[in-house]
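# Coordinates in review
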Amino acid sequence: LSILFTLPSAPNNILEVGSNVGANLYAIRTNYENIGKTVNLYYNEPNMKAKKILNERYPRFNEVEGDARKLHIDNGAMDLVFTCGVLIHVHPDDLLNAMKEIYRASKKYIICAEYFSPELREIKYRDKDGMLWARDFGSEWLDNFALRCINYNFAWKRVTGMDNLTIWIFEKVN
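Here's a quick rundown of the structure. (Residues numbered from 1 in each chain as written. Predicted model: local features only at pLDDT ≥ 70, side-chain atom pairs only at ≥ 80, totals over all residues. Heavy atoms only, no water.)

Each helix and strand counted, the chain has five helices and 11 strands in total. Its C-alpha atoms give the chain a radius of gyration of 15 Å, within 12% of the compact-globule value 16 Å for 174 residues. Out of the 174 residues in the chain, the part that is buried amounts to 43%. Element-wise, carbon and sulfur atoms account for 47% of the exposed surface of the chain, whose accessible area totals about 9500 Å². When the 22 basic and 22 acidic side-chain charges of the chain are each reduced to a single mean position, those positions are 5 Å apart. (Helix = DSSP H or I, 4+ residues; strand = E, 2+ residues; numbered from the N terminus. Rg over C-alpha atoms; globule rule 2.2 N^0.38 Å. Buried < 20%, exposed > 50% of the residue type's maximum accessible area, 1.4 Å probe, protein only. Areas by Shrake-Rupley, 256 points an atom, 1.4 Å probe, with all protein chains shown as cover. Lys, Arg positive; Asp, Glu negative; His and termini not counted. Charge placed at Lys NZ, Arg CZ, Asp CG, Glu CD.)

Attention now moves to helix 3 (residues 92-105). Here helix 3 is 14 residues long and its end C-alpha atoms lie 21 Å apart, about the 20 Å a rise of 1.5 Å per residue gives. Listing the buried residues of helix 3 in full gives Leu-95, Ala-98, Met-99, Glu-101, Ile-102, Tyr-103 and Ala-105. (Expected span 1.5 Å × (residues − 1).)

Right, let's talk about unusual backbone geometry for a bit. Most of the time, phi is negative for any residue but glycine, and the peptide bond is trans. Positive phi values are uncommon outside glycine, yet Asn-20 reaches one of about 55°. Mapped onto the elements of the fold, Asn-20 is located in the loop between strand 1 (13-17) and helix 1 (23-34). Phi angles above zero are rare outside glycine, and Arg-126 is one such case at about 50°. Positionally, Arg-126 belongs in the loop between strand 8 (121-122) and strand 9 (133-134).

Now for the sheet that holds strand 11 (residues 165-172). Taken together, seven strands build an open sheet; the order of strands is 3-2-1-6-7-11-10 and the sheet is mixed. Two strands bound the open sheet, and with one partner strand each, they are strand 3 (62-63) and strand 10 (147-155). The pairing of strand 2 (residues 40-44) with strand 3 spans two bridges and is classified as parallel. Across the sheet, Tyr-43 pairs through a bridge with Glu-63, a residue of strand 3. (Pairing = 2+ DSSP bridges.)

The values are spatial; any link to function lies outside them.
Structure below.
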């Protein structure tokens with residue numbers, strides 16, 4: 001999450017689409033506080049159980065209702081919109097609509113941290129089919145939207161203890 005501080009300008013309004021219980025937003029808030037900056041944090045979480053936990057733990061985070069395919073937010077309302085292990089769960093038929101919503105909500109930056117595969121590949125998720133797809137999300141963003149990739153990275157499970165994720169940082173060019 002320190003990758004936020006490599007951006008040309010620090011975002012003041014940040015939305016995580018698919019925030020689960022808020023761990024990423026909490027880490028962002030902590031990093032901002034550690035350098036004496038404030039940030040407005042927003043979340044979108046359609047899972048009611050996760051949303052309840054998030055609201056109990058972090059009542060200062062602001063909700064954006066809807067889901068990745070339809071966010072109830074004004075165009076360009078957020079300096080940064082990001083996903084972390086969320087787009088992999090969006091069915092391929094719905095992916096472009098979800099990406100359009102994320103693009104629409106962002107004023108300047110989009111960060112996408114997802115599983116990578118050079119080709120669309122379905123992966124069993126908790127022994128179930130039809131719930132997880134890896135692909136080249138970076139190319140999907142660049143091929144469909146007016147963006148430039150300003151950075152990318154890889155989070156390696158062996159070091160992070162989390163899943164292997166490719167992280168792309170995009171800036172809007174319009």
